[in-house]
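Reading the structure
Residue-level listing of the chains:
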Amino acid sequence: SSRFKHRQCALGHTRKLGMTRKNRDKRDFKEDENPEEKARRHKELELKPLYKELLYTIAHKLGTPALAEVFTDSQLHHYIKEAFNMTDSEHDGLMEKVQSTEPPVYCLMVTIKEAKGILGKDVSGFSDPYCLLTILEDEKESRTRRSRAKPCKSVVKDAVSDDKIYQTEIKKKTLNPIWNETFIIEFEDTVGASFHLEMWDKDEEVSLTQKLEEFKTNFHNLRRMIKDAKKEKGQDDFLGKVVLKLQDLHCTEDNWCDLEPRTETYPDRGQCHLNLKFIHKERDGTLSAGRSAYVNYCGMLQQFVQSHISKQQGGTPWKGELCGEGQALLEFYATQNDLSPFLQDLAKWVAYSKLYQSLEVDSSVLFQQLTSIEYHWHQQQLPYQQKQELGDSLHGFLQYGLCLVSKYRDIFPPTHSATPKLHTLLRILVQICKTRAFQELNPAQFELQDEVSDAVEAGTQEWFTIKKGLHQPMTKDLPEIVSALSRLIGEVQEDIKHSKDVWNRIFVSAVQLDVFTVVYHKHDSLLAEEVRETLSLMEGQMEQPLANSLFPLYLSLQAIHKDKAFLQKRGLLELTDFHEDFRDALPYWLNQAFSTTQDRVERAVQVDQLQPLQSGAVPIKHSSSAVDLVACVQPICQLWEQLSWPDPEEAFMLMVKLTEDVCKIVVTYCRILKERVRVLSEDSDHSCAINMLCVVVNDLEHLRSVLTRLPTQLNWPGLRERTRHVIGESQFNNTLHLQLQQAQSVLSREIRSALDTLGKQLNTDIETHVRSMSTRRRVPSKSTEDAVVPLMRYLEQELQYMNENLVQENFNSLLTPLWINSVKSLYQVATQHPQQEGLMVFCQRLLYTLQVMQRTYLMFLICFLSIQTLKAHLTYNALSGQQLIEKFLDRKVWEQKVYSGEKYGAVTLLASYRRSDHKLRIEVLNAANLLPMDSNGFSDPFVQLCLEPRHTFAEVEPRCTQIKSCDLNPLFDEAFEFMVSLEQCQAQGACLVVTVLDHDTLRADDFEGEAFLALKGIPGVGGSGGAGAEDGPPLDPSPAQIRLPLMHPKPNDDGILKLLESRKGDREAQAFVKKRRQREKQSQEGIQT
């Protein structure tokens, strides 16, 4: 892992550690020593003393480890040989040394913690318990039994001398005594030996007066008192015993043991809580001279773990497990040397935290040890030396962790496998700072969040410096310097993106640090300095190639600057006005965009064959160059978006320049397109030339539509808002709109010119056909029709082609002057005919020609004037009655949206839809400015709510508010709920019809006005329908307050109603029409118009 390449890293942080430990005796090796000699010295001075300690531990092991598996001495020897990499000769030599040492004194450390549920032997019902304990071997125990003449309660007292018997304190008047006393009992061997504990009730001599007093107060305990009176004075009562064979014990025992009776009189005598541990006294001190058992334990543990990890397959992190032999040896050594669980856990933390810096150790191992240390810290005290070591270890790991954090980009790249490790490391650092041990050992203030922030900032500085060195320009050439800076900014841009998208959530989750803000601010200051320094080299040397190389750099800085929107704390950013450094390059960028676009347009026209791009059902009537022109102009529009120039006044001038360039390109396109059609027409026949003229007209018309969309593409409305305070309305319109109008007028003029040319070509052909009918050698009865056929065939063919290949507007523009010119040609031919004898026949032909031409022109003209009306008529006739009603309601909703003013008043509602219980809630708040319908100048209004169309809401009845008398601005404040499904609310045409009526007692209610509200626009209806949809609206949204102006329908002004009215067999349609006609009769639109 790359993490371990940085194990020696060190940050320049000031150490905030309240208690420091001086470096203890560390056997430093010479730095210039060769590896083999260094390894040999390490083995002699470090490993072999530990090895001898382990051999000694095996030779004098006591008890069995907690593991279920039991290991022989040879298995344990084989294990440590492999773990310490010892040869057979080395093992044998060390074994001889260990065998020649003095054996230790075997001891059993007994801690009597407490007892519960013991017998009450005193008259008061309690006892005064104490314990006697010793270890008996087989010979002593059998000799004691032979010397006893009769059974006796006591075994311990009669078995050994008094100096071998240990006694606890006497606890007065209790059945649940607590002692917490520890005794160390020596013994020779575990074979045949057993641990004995006897619990007794202490009896003191009592006076006769006290006995009589007890007799008065404890009359019910008479039997116990009589039994007590028979005893000898001062004789103690037996409460129970515990006997344990040493061979059956584990290295450490912590159990509740039943108190056994001497006889079966009282079998249930309670329990005693014992902690037993086999330890050594007077271990040979020559094995590892000068080292404490704790230090040796740390060394053994680290060696075992390293050996275990080296044997692992697959490279998975070590999760804290050891093989059985290793665990057994550590347990033997810890118990023999009486290492507390706290010291053992401390040793594990120290060892594991060191291994984490060099090997793959799973973080859960560190979490477990931190938890154990925190638990023990509240239970017992550490020795002073170990306190120092723990403090240094915790702080050292913090410093190491902060070093890893500073290099998180390299050690924890933004991958699915690496980022969880960063998160875990941060959690470990947090856990360390939360422990009481760290807080007490480091009284100086240590804010982890600040330290992590400093580490990230320092790491960002270091990362930036390294990247800057990697992208150092090879030469001092300005374009090369710009290219190097551009590459560096690209790296920074990617780093900021990863900080925002990946690393930020990790740091926020673990240490509540917005690392994106820290990284962004640091990069902002570093980049600003770098950009200023680089651009200062270019003052007075700006040229087109250099400016071109600066543009990608500008775009990268622009993207970085836009990311400031994600900052939690904005503050002052040094890149805020970075665009000012690029002001000299801006004209070159505009010139480059213009010249590039113009070149592309010229190339597009040069390869254009002036043929329609596509024919058929969906024809594309313009040629390839028109499409290419739109694509070529698009980069200029994109340039405006990419620049995003912040200064409003300069942005306006920039827009003027871009609009001017687009208009120039359009004019240039017109010029070179005319030249292109001239060149192609020279080698084409007459009909092909006419066809190409049609395509040119269409190209120019397509370009005119593109110009119309230009203000939207360049977002002129947004620019107008930005410049409202610096650019006047007239200046804005006179500058930008005037440029556009001039370009459009050029296009219109060119279109008219092309149409005139096309018309002249057609008129020449028509005139030729007309003159060809002037022959007198044809029979009049037949020659009239025959003579007209060529002209009619030509007209039908050409008009049909132009109809198919010209856009409709231009075809209509061509058709009318063509008809006028055709009539003129007929008149001129008729008045200028020189042959008097054939004039009658010729005029008959011209008259017939005029009639046929009239029918031909009218056919094309009427066809295209009425095609939209016919299409609409057919479309509506194809719909069902219900679909027509839905169309009608949709149009009413649209009319409501565009309706302005409150001529008939308005009504205010609160509307929402709850998906949780399928309820549409409408609250009618008030109405305002209603028309007076009664003679007293007032009205008695009420509001009717109806869900339409009825075929969708057939089961939902209309609802009405209460009537408000004599009020033109009534306040209702009434809520109504409709049980409707989400599908109903989202159906086609679904709307709420709000009708305000004036209540009349003796005649029909007067119509005040109506309003239409689309249900799809109500909160809770729109969006995704699923209850668990992430992007959908909330299930119970806040209601929206809506003010709806009241409308009156226009009488007999609706084609849909007329169509519904004609469907006599459709009852729903007839009912709907009847209701709408009634509203039209009540409407005041007709009266006012």
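Cut-offs and rules
Residues numbered from 1 in each chain as written. Predicted model: local features only at pLDDT ≥ 70, side-chain atom pairs only at ≥ 80, totals over all residues. Heavy atoms only, no water. Helix = DSSP H or I, 4+ residues; strand = E, 2+ residues; numbered from the N terminus. Buried < 20%, exposed > 50% of the residue type's maximum accessible area, 1.4 Å probe, protein only. Contact = heavy atoms within 4.5 Å. Expected span 1.5 Å × (residues − 1). Core = buried A, V, L, I, M, F, W, Y, C linked by side-chain atoms within 4.5 Å. Pairing = 2+ DSSP bridges. Axes fitted to C-alpha atoms, helices over the stretch in contact; angles between N-to-C directions. Disulfide = S-S within 2.5 Å.

Brief notes about the overall build of the chain
When helices and strands are tallied, the chain shows 33 helices and 16 strands. Out of the 1089 residues belonging to the chain, those deemed buried represent 47%. Put simply, of all contacts in the chain between residues at least 6 apart along the chain, 78% involve residues at least 24 apart.

What to know about unusual backbone geometry
For the bond from Glu 948 to Pro 949, the omega torsion is 0°, close enough to zero to count as cis. In this fold, Pro 949 is placed in the loop between β11 (941-948) and β12 (959-960). The phi torsion at Asn 715 lies on the positive side, around 55°, for a residue other than glycine. Mapped onto the elements of the fold, Asn 715 is located in the loop between α23 (686-713) and α24 (716-722). Non-glycine residue Asn 929 carries a positive phi angle of around 60°. Inspection of the secondary structure puts Asn 929 in the loop between β10 (919-928) and β11. On the basis of relative accessibility, which here comes to 43%, the residue Asn 929 falls in the partly exposed class.

Concerning helix α20 (residues 586-606)
In an α-helix, one turn spans 3.6 residues; hence positions three or four apart end up facing the same way. An ideal rise of 1.5 Å per residue puts 30 Å on 21 residues; α20 measures up with 31 Å between its terminal C-alpha atoms. Buried residues in α20 make contact with α19 (544-562), α21 (624-643) and α22 (648-682).

Side note on the nonpolar core
In terms of nonpolar packing, the biggest core is built from 103 residues, with Leu 550, Leu 557, Phe 582 and Trp 589 touching the most fellow members. Leave out the neighbours within four places in its chain, and Leu 557 touches Ile 489, Leu 527, Val 531, Leu 575, Phe 578 and Phe 582. The next biggest cluster of nonpolar side chains, apart from the first, holds 91 residues, and it includes Leu 76, Cys 251, Tyr 333 and Phe 342.

Brief notes about the sheet that holds β10
One open sheet accounts for four strands, arranged β13-β10-β9-β16; its pairing is antiparallel. If you trace the sheet from one side to the other, it starts and ends with β13 (971-979) and β16 (1040-1045), each paired once. Direction aside, neighbouring strands of the sheet carry axes that sit 25° apart on average. Direction of pairing for strand β9 (residues 906-914) relative to β16: antiparallel, over a ladder of six bridges. Its bridge partner being in β16, Leu 910 is matched across the sheet by Gln 1041.

Overview of the state of the cysteines
Taken as a whole, this structure holds zero disulfides when the rule is applied. With no disulfide of its own, Cys 131 lies closest to Cys 272 among cysteine sulfurs, the gap being 5.1 Å. Judged by its relative accessible area of 0%, Cys 131 falls in the buried class.

Here's the deal with the pairing of strand β15 (residues 1006-1014)
For β15, a buried count of eight out of nine residues is recorded, marking the element as mostly surrounded by other parts of the structure. Both strand β14 (residues 991-998) and β15 contribute to a ladder of eight bridges, which runs antiparallel. Across the sheet, residue Asp 998 finds its bridge partner in β15, namely Asp 1006.

In short, geometric facts, not functional conclusions.
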